[in-house]
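Notes for the structure review
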Amino acid sequence: MYCSRRFGDPNKQALDEGRTGNDCRGEEHEVTVGWSIASGKRQITMDGHEVHFTTARTGIVEHSWSSKGNHILKVVCHASPP
């Protein structure tokens, strides 16, 4: 199973200048989680680059990492509703 989410950071300079809408568009990122419950393989990628890989047969995937600009990202996934 794969799940993907996109998010973005605004252009701070454009915001400071009072711009709005598309004029404030900054960077966009995509985080993808791949998880095989049968084999236990889990992979997390950000913008196509692997940030985490493990093989474990637990019901939770949890990983944190830092990205550009000292932003901390955290992914938590459950095999069934918590």
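First things first, this report covers the structure right here in the doc. (Residues numbered from 1 in each chain as written. Predicted model: local features only at pLDDT ≥ 70, side-chain atom pairs only at ≥ 80, totals over all residues. Heavy atoms only, no water.)

1. Description of the pairing of strand β6 (residues 71-78)
The condition that has to hold: Strands were regarded as paired on the criterion that DSSP finds at least two bridges between them. Elements are defined by DSSP. Helices are runs of H or I of four residues or more, strands are runs of E of two residues or more, and each kind is numbered from the N terminus.
For strand β5 (residues 60-67) and β6, the ladder comprises eight bridges, and the chain directions are antiparallel. Within β6, the residue paired with Ile60 across the bridge is His78.

2. A look at the layout of surface pockets
The cut-off we apply is this: Computed over the protein atoms alone on a 1 Å grid, cavities are sets of points where a 1.4 Å probe fits but cannot get out and pockets are open sets with protein on both sides within 12 Å along at least five of seven lines; a residue lines them when it has an atom within 4 Å of a point. Grid points are joined across faces, edges and corners, and a volume is the space filled by probe spheres set on the points. Any residue that is not Ala, Val, Leu, Ile, Met, Phe, Trp, Tyr, Cys, Pro, Asp, Glu, Lys or Arg is counted as polar, Gly included; the first ten are nonpolar and the last four charged.
Volume-wise, the largest pocket comes out at about 150 Å³. Secondary structure elements with two or more residues in the lining of the largest pocket: β1 (2-9), β2 (27-35) and β6. Residue composition of the lining of the largest pocket, by class: four nonpolar, five polar and three charged.

3. Things to note about the pairing of β2
Bridge analysis of β1 against β2 gives eight bridges, and the strand direction is antiparallel. What sits directly across from Asp9, in β2, is Glu27. As defined by bridge partners, β2 adjoins strand β3 (residues 41-46) across five bridges and the pair is classed as antiparallel. Residue pairing for β3: Trp35 is matched across the bridge by Arg42.

4. Focus on the pattern of salt bridges
Definition in use: The salt bridge criterion pairs a side-chain nitrogen of Lys or Arg with a carboxyl oxygen of Asp or Glu, the two atoms within 4 Å. Note on classification: 1.4 Å probe, protein chains only; a residue is buried when its accessible area is under 20% of the maximum for its type, exposed when over 50%, partly exposed between these limits.
According to the stated counting rule, one finds five salt bridges in the structure shown. Here Lys68 ties to Glu27 by a salt bridge, and the two come within 2.6 Å at their closest N and O atoms. Taken together, the residues span a long stretch of sequence, with Lys68 in the loop between β5 and β6 and Glu27 in strand β2 at a distance of 41 residues. Residue Glu27 is classed as partly exposed on the basis of its relative accessible area, which comes to 34%. The residue Glu62 makes a salt bridge to Lys74 at a minimum N-O spacing of 3.2 Å. On the criterion of sequence distance, the pair formed by Glu62 in strand β5 and Lys74 in strand β6 is long-range, its members being twelve residues apart.

5. Let's talk about unusual backbone geometry
Positioned with a positive phi, Asp47 is a non-glycine residue whose angle comes to about 55°. Along the chain, Asp47 turns up in the loop between β3 and β4 (49-55). Judged by its relative accessible area of 37%, Asp47 is partly exposed.

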